[in-house]
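# Results of the structural survey
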Amino acid sequence: QSNVTVYGVVDGTFDIINTSGAAGAGRGAPDYTRVQSNGSRLGFKGTESLGNGMSAFFQFESNAKFDAGGGLDVARDSFVGLKGDFGTVKLGNFSGPNRDIASKLDVVIHSDGIGDNSALLGKLGGRASVFDTRYTNSIAYITPDFSGFQATVQYQANENKNIAPSANPANQSLAELGLNYDNGPVYVGLTHGKLTEKNSTGAGTFNTGTDEDVTETRLGGMYKFGNASVRALFAHTKGDGSLGSLKQNVWGLAGTYMVTANGKLLAQYFRANDLSGNRAGVTDLSDTGAKFWVLGYEHSLSKRTTLLAHYAYLKNDDRVSAVSGMAKGYDFGDGSTGIAGSAGSNNDGLKLSGLQVGINHTF
Amino acid sequence: QSNVTVYGVVDGTFDIINTSGAAGAGRGAPDYTRVQSNGSRLGFKGTESLGNGMSAFFQFESNAKFDAGGGLDVARDSFVGLKGDFGTVKLGNFSGPNRDIASKLDVVIHSDGIGDNSALLGKLGGRASVFDTRYTNSIAYITPDFSGFQATVQYQANENKNIAPSANPANQSLAELGLNYDNGPVYVGLTHGKLTEKNSTGAGTFNTGTDEDVTETRLGGMYKFGNASVRALFAHTKGDGSLGSLKQNVWGLAGTYMVTANGKLLAQYFRANDLSGNRAGVTDLSDTGAKFWVLGYEHSLSKRTTLLAHYAYLKNDDRVSAVSGMAKGYDFGDGSTGIAGSAGSNNDGLKLSGLQVGINHTF
Amino acid sequence: QSNVTVYGVVDGTFDIINTSGAAGAGRGAPDYTRVQSNGSRLGFKGTESLGNGMSAFFQFESNAKFDAGGGLDVARDSFVGLKGDFGTVKLGNFSGPNRDIASKLDVVIHSDGIGDNSALLGKLGGRASVFDTRYTNSIAYITPDFSGFQATVQYQANENKNIAPSANPANQSLAELGLNYDNGPVYVGLTHGKLTEKNSTGAGTFNTGTDEDVTETRLGGMYKFGNASVRALFAHTKGDGSLGSLKQNVWGLAGTYMVTANGKLLAQYFRANDLSGNRAGVTDLSDTGAKFWVLGYEHSLSKRTTLLAHYAYLKNDDRVSAVSGMAKGYDFGDGSTGIAGSAGSNNDGLKLSGLQVGINHTF
């Protein structure tokens, strides 16, 4: 029993969702309310000291979507590894450096609800970011900490490789690199990743041709001073192969301020710029981005329990569905409404807003 | 580790199921044996004192259908909340007052096997009770305890709302109210709930028209004296909208008696009366109910471990499938046989019996 | 909290898979790499002393396929039971004596990866062994230990019984018997099981006719001396009913040797002999078996943490798909590649090799 720690987060909110502005299928989408479990999770972890500064460690982490009776799993960061003077090696299913920097710079407490900065990041106008997820079949090496500097390299093995083209295979491999400097009030991170998809005659991840590459580069930082923090994040996504040379920049600014000893005010603004580059059959890429902002207040009742209120607003540009064959339009990230973002629907100009009030409790 | 308690129940029985009496599809249904895991569960819970009489609490509770290797989940009562002088507020997925009163008055130890009183309750001749389940997207307020009096109000938000009619949407919202008096030997409870289903062009919960309401009212009580307890429960279900004015009364009597310090005799009898009211196309609602009784013995080996033997018998009336478009016939509740209750099968007069022998162990 | 122990194994390896030699569908199957979670698991168990030498016990054990974010469940050995002077009775979902003897004699640490001896055992040329699995609806009795002798009898109740023939029902019941002698350096086991499948007009487990029996008999032993162990296992599988009189012998030899205090060398060789007996429409059963060998090294960093490297090689004989209607060809067991073994594919002569390097950590 002493070998394993049971831990987790339970985050329950009452959400009020409003939609407006879309001329197509999104028009008439209902306003509604829900109870949401955001990033609630249940985990099991342990560390064993092996002597000589070396240790073995593991983590099984499950989603806990308790508002709707979801299943338990090992689908959140789950791994086994060794740590020593040489650094850390781990195997499993976990996020890469690109996603980690976005989570670190997010200002909302759960990083998994309607205020999450993943709403706009890495999507290339597409349905879902291929970088803001966890990678199965992962192996990573993390260097020791050199006065705050640390580097990570991660590789996703291609278990589902196929040789002949076939419909919609998960024929994907990936490599990511992350460089971080985290020392006192200053944090700076630079990350880069490349995903390769091959032999997909069907939809594949990008619903385009048989072979695609996507690369993602992110640069971000945070500075803490007094009762405040300021944060900035820039992300550049670029396609290749059947994606043509589609490119997109996304950037954001965020900050927090402790208005009382227990009360934190927070805000963030993100902008997905218009797509650029070339793609067969597409002549006009103007007005294909989106805007997103969040305002929130979080009040700590204890170190483990926080009351929260977040308001998030997302506006799709008026031609967000211009690139045919790609998913059309932006939705919130992990706390998505399900209204925008499905391929084939017309969400040009769709506006989403969400207010959530609730409680976050760690254990 | 001290922040979370791992708890649960493991209930394993060997069940012998017999069927007879049906003239239609149920005829020839086999007698069979099985190992059953009844209400076995695994949970994780915790409470944090926040000072000033206030506390934060959570619970993740999973089914553990270990006789057949089922999945773990947060599909049993799972929630997060705050408790204080003002009462209790909680968010999540959990049972409402109508189900809670039935569970409290049930006499069998697991409330989730072939002797469960949910066999007849709340079904309106229908496939499954919409009240004897857990409600996703729930928010509830429970008053403080006033000398044994306590009230609960629960609301289910309509996350899956749709505006235009569509096939079989879970377009459901619900409110329930419960009043309880629990003081020494006396318990009395009164509960009421209303479920609204809208814009269902397909089967929906009730396989009828587009808009339906169902209301459920339950009144029950228990009195303990010496080594015995007696219990009574009355339930009234009423449809509206596409259900016409279909109504049904269900009532039951139950009791327990400690024959030795560790040995408990238990019995219950429930009767679902014939449907009444009006429904388009149905002229005769006679003989559309069912009878159900249970006899059991439970022997405690310790506070946590009990050996049990239950015999349950259920008889469908001879015209139980008279209302076309509704499910036809009654089965056991959580420990159902799978034989009765499926729409389109003819279970007029079907008799079911089940004997279960096993062990219940809490941890 | 003191009533339940959280325990488990996390086993993560990097696997390199190669295939060659098949003339049919297997030809051109890719070589690939993967991260594999082998027999990783998470469990919850407890024992309560009831006095007089009697105790109640339970176990919920879940898979933890953390390389790919799999679900948690109670699908590994999960049960409740009583133990006393009379022996042990348990109910649930668990392996039987035939599988247990194979696991006990396997030399690789996880018994759930590409070196597992289940690659060849019990398959009768078929898709998957019906004996090397866990049985739902199980009840077992295990005698007390008489100076190392112990007997087990297990029965699987037929919950999914049907009377009229229907397509592909799980209309299965089973009984198994095991005799073990385990005393100091010597272990010997003899097991026997019979599975009966009835009224399957569709594929059923064996994709043959309506009624089948399969019996499995295993005899094996292990002897430990100094730093070494030697092991031998013989298995005989025999069909009846729609399977004709198909028969197969599988046998294997294995051993381990501690080359240092913490370093273990291990090897095993298994051979599935050609099928024999009669089956309608099949005249030649020559060259229908397979060969399998494993070489490995395991280095303990502590009692709970072991580094491992295993190489496994499997060669299907050149006419392994001769019996039409049965699955064709052998794959690794629990760490299967997914390449061989699917019905209808032609894996005559398919060769598979797998190298795995990783870490095994118990908690």
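What you see is a predicted model; the values in this text were computed from it and never measured. (Residues numbered from 1 in each chain as written. Chains lettered and ligands numbered in written order. Predicted model: local features only at pLDDT ≥ 70, side-chain atom pairs only at ≥ 80, totals over all residues. Heavy atoms only, no water.)

## Some points on the overall build of chain A
Note the cut-off: Each helix corresponds to a stretch of at least 4 residues labelled H or I by DSSP, and each strand to a stretch of at least 2 residues labelled E; elements are numbered beginning at the N terminus. When a residue's accessible area, from a 1.4 Å probe over protein chains only, is under 20% of the maximum for its type it is buried; when over 50% it is exposed; and in between it is partly exposed. By definition, residues are in contact when any of their heavy atoms lie within 4.5 Å. Areas reported as accessible are Shrake-Rupley estimates using a 1.4 Å probe. Residue values count occlusion only from the protein chains shown.
Secondary structure assignment for chain A yields one helix and 17 strands. Within chain A, buried positions represent 57% of all 363 residues. Residue pairs at least 24 apart in sequence account for 61% of intrachain contacts in chain A once pairs closer than 6 positions are excluded. For chain A, the accessible surface area stands at approximately 13,400 Å², while carbon and sulfur atoms represent 54% of it.

## Observations regarding the relation of the copies chain C and chain A
Defined as follows: For the least-squares superposition of copies, only C-alpha atoms count, and only for residues with pLDDT at least 70 in both.
Superposition record for chain C on chain A: RMSD 0.0 Å, screw rotation 120 degrees, translation along axis 0.0 Å. Accordingly, the operation relating the two chain copies is best matched by a three-fold axis. When C-alpha distances to the rotation axis are compared across chain C, the minimum falls at C:Leu72, with a value of 3.1 Å. Interface overlap between copies is the fraction of interface residues in one copy that are interface residues in the other; for chain C against chain A it is only 13%, indicating separate surfaces.

## Quick notes on the interface of chain B and chain A
Let me state the cut-off plainly: By buried area we mean how much accessible surface two parts lose on assembly, using a 1.4 Å probe and totalling the loss over both. Put simply, a salt bridge is a Lys or Arg side-chain nitrogen that is within 4 Å of an Asp or Glu carboxyl oxygen. Distance and chemistry together define a polar contact, namely a pair of N or O atoms within 3.5 Å, with one atom able to donate a hydrogen and the other to accept it when in protein, and with adjacent residues in sequence counting only for side-chain atoms on both sides. All residues other than Ala, Val, Leu, Ile, Met, Phe, Trp, Tyr, Cys, Pro, Asp, Glu, Lys and Arg, Gly among them, are scored as polar; the first ten of these are nonpolar and the last four charged.
Counting residues at the interface gives 35 residues for chain B and 39 residues for chain A. Each partner contributes to the roughly 2,900 Å² buried at the junction of chain B and chain A, and carbon and sulfur atoms together form 71% of this total. Applying the counting rule to chain B against chain A returns zero salt bridges. Our enumeration of links across chain B and chain A arrives at nine residue pairs in polar contact (both at pLDDT 80 or more). Partitioning the side of chain B that touches chain A into residue classes produces 19 nonpolar, 12 polar and four charged.

## Focus: the relation of the copies chain B and chain A
For the pair chain B and chain A, the best superposition has an RMSD of 0.0 Å and corresponds to a rotation of 120 degrees with a translation of 0.0 Å parallel to the axis. A share of only 14% of interface residues in chain B that are also interface residues in chain A marks the association as one of differing surfaces.

## Focus: the packing of aromatic side chains
The geometry of an aromatic ring pair comes down to the distance between the two centres and the angle between the two planes. The cut-off we apply is this: Geometry of aromatic contacts follows a simple scheme: Phe, Tyr and Trp rings, the Trp one being its six-membered ring, pair when their centres are within 6.5 Å, and the pair is stacked under 30 degrees between planes, edge-to-face over 60, tilted otherwise.
Under the counting rule described, the total for this entry stands at 39 aromatic pairs over all chains. Judged by centre distance (4.6 Å) and plane angle (45 degrees), the ring pair of A:Phe149 and A:Tyr181 falls under tilted. One end of the pair, A:Phe149, is in strand β8 (residues 149-156); the other, A:Tyr181, is in strand β9 (residues 172-183), and 32 residues separate them in sequence. For the ring pair A:Tyr223 and A:Phe225, a centre distance of 5.9 Å and an interplane angle of 25 degrees mean the geometry is stacked. Residue A:Tyr223 is classed as partly exposed on the basis of its relative accessible area, which comes to 41%. Chaining the aromatic ring pairs together yields one cluster made of A:Phe58, A:Phe60, C:Phe66 and C:Phe363.

## Quick look at the nonpolar core
To keep it simple, the criterion reads: Nonpolar cores are built from buried Ala, Val, Leu, Ile, Met, Phe, Trp, Tyr and Cys residues. Side-chain atoms within 4.5 Å join them into one set.
Counting residues in hydrophobic clusters, the biggest one holds 55 residues, and the most contacted among them are A:Phe44, A:Phe60, B:Phe44, B:Phe60, C:Phe44 and C:Phe60. For B:Phe44, the contacting residues outside a window of four places in its chain are A:Val6, A:Leu42, A:Phe44, B:Val4, B:Thr5, B:Val6, B:Tyr7, B:Phe58, B:Gln59, B:Phe60 and C:Phe44. In this structure, A:Leu105, A:Val108, A:Phe292 and A:Leu350 belong to the second largest nonpolar core, which totals 31 residues.

## Describing the interface of chain C and chain A
Of the residues lining the interface, 39 residues belong to chain C; the matching set on chain A comes to 34 residues. Between chain C and chain A, the buried area comes to about 2,900 Å², and carbon and sulfur atoms account for 70% of it. On the chain C side of the contact with chain A, C:Val35, C:Phe66 and C:Leu72 bury the most area, a combined 19% of that side's loss. Of all the secondary-structure elements, those providing two or more residues to the side of chain C that touches chain A are β1 (5-20), β2 (32-36), β3 (41-51), β16 (305-316) and β17 (351-362) of chain C. Considering each element in turn, the side of chain C that touches chain A owes the most residues, seven residues, to β1(C).

## Notes on the pairing of strand β4 (residues 54-63) of chain B
As a general feature of sheets, a regular strand has side chains that alternate between the two faces. All names here are of chain B. To keep it simple, the criterion reads: DSSP bridges decide pairing: two strands pair if at least two such bridges lie between them.
For β4, the buried fraction is high: nine of the 10 residues fall into the buried class. When strand β3 (residues 41-51) meets β4, the two strands line up antiparallel, connected through 10 bridges. Within β4, the residue paired with Ser49 across the bridge is Ser55. Two successive antiparallel strands, β3 and β4, enclose a turn made up of two residues, where Asn52 displays a positive phi of approximately 55 degrees. Direction of pairing for β4 relative to strand β5 (residues 78-84): antiparallel, over a ladder of five bridges. Along β5, the bridge assignment pairs Phe57 with Gly81.

## So, the pattern of salt bridges
All names here are of chain A. The full count for this structure, using the stated rule, is 36 salt bridges over all chains. Salt-bridge contacts for Asp182 lead to Lys104; the nearest nitrogen and oxygen are separated by 3.2 Å. Of this pair, Asp182 sits in strand β9 while Lys104 sits in helix α1 (residues 97-105), and the two are 78 residues apart along the sequence. Ionic pairing is found between Glu216 and Arg218, a salt bridge with its closest N-O pair at 2.8 Å. Given a relative accessible area of 0%, Glu216 falls into the buried group. One salt-bridge network, in which partners are shared between bridges, spans Glu61, Arg76 and Asp112.

## Focus: the environment of C:Gln356
Residue and element names in this part refer to chain C. By secondary structure assignment, the location of Gln356 is in strand β17. Judged by its relative accessible area of 0%, Gln356 falls in the buried class. Spatially, the C-alpha atoms of Gln356 and Thr33 are 9.7 Å apart, while their sequence positions differ by 323 residues. Of the polar contacts made by the side chain of Gln356, one reaches the side chain of His110; its length is 2.7 Å.

## As for the environment of B:Lys65
As for its position among the elements, B:Lys65 is in the loop between β4 and β5. According to the relative accessible area criterion, B:Lys65 is partly exposed, its value standing at 43%. Put simply, B:Lys65 and B:Val10 are 55 residues apart on the chain and 9.2 Å apart in space, counted from C-alpha to C-alpha. Those residues within four positions of B:Lys65 in sequence are excluded, and the remaining contacts are B:Ser37, B:Asn38, B:Gly70 and C:Val74.

## Re the side chain of C:Arg231
All names here are of chain C. Our working rule: Neither His nor the chain termini are counted; the positive set is Lys and Arg, and the negative set is Asp and Glu.
Inspection of the secondary structure puts Arg231 in strand β12 (residues 228-241). No salt bridge forms around the buried Arg231; measuring N to O, its nearest opposite-charge neighbour Asp106 is 7.0 Å away. Looking at Arg231, its side chain comes within polar contact range of the side chain of Ser229, at 3.1 Å.

## A look at the environment of A:Leu179
All names here are of chain A. One can find Leu179 in strand β9. A relative accessible area of 43% places Leu179 in the partly exposed class. For the pair Leu179 and Pro97, spaced 82 residues apart in sequence, the C-alpha to C-alpha distance is 8.3 Å. Excluding residues that lie within four positions of it along the chain, Leu179 makes contacts with Gln150, Ala151, Val188, Gly189 and Leu190.

## Observations concerning unusual backbone geometry
With phi around 55 degrees, B:Asp287 is a residue other than glycine that occupies positive phi space. As for its position among the elements, B:Asp287 is in the loop between β14 (263-272) and β15 (290-300). Judged by its relative accessible area of 37%, B:Asp287 is partly exposed. For C:Asn52, which is not glycine, the phi dihedral falls at a positive 55 degrees.

## Focus on the pairing of β2(C)
All names here are of chain C. In terms of residue burial, β2 counts as a mostly covered element, since four of its five residues are buried. Of the pairings in the sheet, the one linking β1 to β2 comprises five bridges and is antiparallel in character. What sits directly across from Thr13, in β2, is Gln36.

## Overview of a nonpolar patch on the surface
Selection rule: Nonpolar side chains (Val, Leu, Ile, Met, Phe, Trp, Tyr) within 5 Å and like charges within 9 Å form the patches, drawn only from residues with over 30% relative accessible area and no salt bridge.
Where nonpolar side chains cluster on the molecular surface, the patch consists of C:Leu179, C:Val188, C:Leu190, C:Leu219, C:Phe234, C:Trp251, C:Leu253, C:Tyr269, C:Trp293 and C:Leu295 and spans about 870 Å² of accessible area. As for its placement among the helices and strands, C:Trp251 is situated in strand β13 (residues 247-258).

## Quick notes on the side chain of C:Asp67
Inspection of the secondary structure puts C:Asp67 in the loop between β4 (54-63) and β5 (78-84). Within the buried set, C:Asp67 has no salt-bridge partner at all; the shortest N-O distance to an opposite charge, 6.7 Å, is to C:Arg34.

As far as function goes, none of this settles anything; it's purely spatial.
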